[in-house]
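Below, each chain spelled out in residue letters.
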Amino acid sequence: MNTLPKSVIITDDTMREGLQIESAAIPVEAKLRLLDALGETGAKVISIGSFAHPKWTPQMACIDEIAERFVPKPGVIYTAAVFNKHGFDRADRYFPKIDVRRNRGRYATHVELCDSFARRNYNRSQAQQIAALDETIAAARAAGAEKASVSIGNPFGSNFEGPFSHEQRMGLLELMIGKWEAAGIPVTRVALLEAMGWNLPHLVRQTILAIRERWPTVADFHLHLHNQRGATIASYYEGLMLGVREFDTSLGGMGGCPYCGNGRAAGHVPTEDFVDLCHEMGIETGYNLKKLIEAVAVAEEVVGHPLWGHVSKSGPRPRGSELYPRDMPFVETLEEAAHFRKGPGVYAGQIAPWKKDDALLKA
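Keep in mind it's a predicted model, so treat the numbers as computed, not measured. (Residues numbered from 1 in each chain as written. Predicted model: local features only at pLDDT ≥ 70, side-chain atom pairs only at ≥ 80, totals over all residues. Heavy atoms only, no water.)

Peer 1: I tried to follow the nonpolar core on my own but got confused; where do I start?
Peer 2: Across soluble globular proteins, you tend to see nonpolar side chains buried next to one another. Within the largest apolar cluster, 93 residues are counted, with the highest numbers of intra-cluster contacts made by Ile48, Leu173 and Val190. In this structure, Val190 is in contact with Val150, Leu173, Ile177, Ile211, Val218, Asp220, Phe221 and His222, ignoring residues within four places of it in sequence. (Core = buried A, V, L, I, M, F, W, Y, C linked by side-chain atoms within 4.5 Å. Buried < 20%, exposed > 50% of the residue type's maximum accessible area, 1.4 Å probe, protein only. Contact = heavy atoms within 4.5 Å.)

Okay, structure coming up:
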């Protein structure tokens, strides 16, 4: 059954997962410029980066300077990724400018379906993650939790272990959700978090429908699916058709993962492409597409190479006064294709083979 949402929450992950896979030599001034441009796009929540150990994430060694220097935009909640108490305490020094407290009331557990990735990324086995569930759930119960969220990591397949079956996905969810239910706490949200790009639209649809049928208390889904094999925007479309409202993206598709074997190729769905899709389907996002496209241009200058979005290069579908002139000359290069934002000067001098008597130029 399709139930298209009226609005969605699209979290742009450029400053964290995007820059985290780019060069550590990008200067702070450039990162501040990008953060400022992102703040103009209509994003409601922006992560400024991660408070991670610089030994393992040198790209984030400057996070404290960014936290101190950036100027918040009105109406935007700024947060950051933290992975332990030390990281939380570092980030919390900047409260309320940076709010990492907003998720403290969300009681959640996470387990990787891929044991190899759990060991590579978290330095813990899947068995250790499962063993830690009881302590987390007990703490949530003691705190009076009334609902919970679970997330399953790399649910569709692994570059190290191969594809995972529907039964394996559901089995791990049964284990996690069962523990919450045994504690008297209903699970109302499920997150599918994937770094290795094994998602496919029919698998996403099958999984969401099965979860809803098995656990009617689950009302919300969160999709964070990497895009190294190009299927993720189709998987996100399936999510939209099923009423999913939470998605993660990044400007130009920037992003990646150093632990999955694909590096920068493990990017995201470009924020501008997904926002364009949502707008064309009549779904509210809160983003200004034109400003998103300008932010992508800034991002490309900051990282020093082209990004992978489409709408940022060809522009949104032109309508009304933005329709292209019928007698425009040839357009071939990406620079010339940017006329939708830079004006006709970018294709000045291109050939135009039509003569005054040709059908194109006749009234």
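That was the structure; now back to the text.
Peer 1: Can you walk me through the pattern of salt bridges in this structure?
Peer 2: Charged atoms that come close allow side chains of opposite charge to pair. The full count for this structure, using the stated rule, is 24 salt bridges. As a salt-bridge pair, Lys313 and Glu300 come within 3.7 Å of each other at their nearest N and O atoms. Of this pair, Lys313 sits in helix 13 (residues 311–314) while Glu300 is found in helix 12 (residues 289–303), placing the two residues 13 residues apart along the sequence. If you follow the salt bridges from partner to partner, you end up with Asp276, Glu280, Arg317 and Arg319 in one network. (Salt bridge = Lys/Arg side-chain N within 4 Å of Asp/Glu carboxyl O. Helix = DSSP H or I, 4+ residues; strand = E, 2+ residues; numbered from the N terminus.)

Peer 1: Help me understand the packing of helix 7 (residues 133–142) against helix 8 (residues 166–182), please; the structure alone is not making it clear to me.
Peer 2: Running from amino to carboxyl end, helix 7 crosses helix 8 at an angle of 35°, the nearest separation of the two axes being 10 Å. Helix-helix and strand crossings are classified by hand; for helix 7 and helix 8 the assignment is right-handed. In this structure, helix 7 uses Leu133, Asp134, Ile137 and Ala140 to contact helix 8, whose residues at the interface are Leu175, Met176, Lys179 and Trp180. (Axes fitted to C-alpha atoms, helices over the stretch in contact; angles between N-to-C directions. Left-handed = near helix turned anticlockwise from the far one by under 90°.)

Peer 1: Can you walk me through the side chain of Ser125 in this structure?
Peer 2: Mapped onto the elements, Ser125 comes out in the loop between helix 5 (115–122) and helix 6 (126–131). Not counting residues up to four positions away in its chain, the partners in contact with Ser125 are Asp115, Ala118 and Arg119.

Peer 1: For this particular structure, what's the right way to read unusual backbone geometry?
Peer 2: Peptide bonds are, in most cases, trans, and in most cases residues other than glycine have a negative phi. Residue Pro96 is reached from Phe95 by a cis peptide bond, and omega for that bond is 5°. Along the chain, the position of Pro96 falls in the loop between helix 4 (85–92) and strand 4 (108–112). Of note in the backbone geometry, Asn123 takes a positive phi value of approximately 60° without being a glycine. Relative to the assigned elements, Asn123 resides in the loop between helix 5 and helix 6. Its identity as a non-glycine residue notwithstanding, Asn154 has a phi of 50°, on the positive side. Structurally, the position occupied by Asn154 is in the loop between strand 5 (148–153) and strand 6 (157–158).

Peer 1: I'm lost on the environment of Glu335 in this one. Help?
Peer 2: Along the chain, the position of Glu335 falls in helix 14 (residues 334–337). We classify Glu335 as partly exposed; its relative accessible area is 43%. Setting aside chain neighbours within four positions, we find Glu335 in contact with Lys342 and Val346. Within the structure, Glu335 has its side chain in polar contact with the side chain of Lys342 (distance 3.2 Å). (Polar contact = N/O pair within 3.5 Å; in protein donor to acceptor, adjacent residues only side chain to side chain.)

Peer 1: What am I meant to see in helix 7 here?
Peer 2: One turn of an α-helix holds 3.6 residues; hence residues three or four places apart share an orientation. Listing the buried residues of helix 7 in full gives Leu133, Ile137 and Ala140. Across the axial projection of helix 7, the buried residues extend over an arc of 60°, all falling on one side. Opposite its buried face, helix 7 presents the exposed residues Glu135 and Ala142, each directed more than 90 degrees away. On its buried side, helix 7 packs onto strand 4, helix 6 and helix 8. In the stretch just after helix 7, Gly144 is the one whose phi turns positive, near 85°. (Arc of directions from axis to C-beta.)

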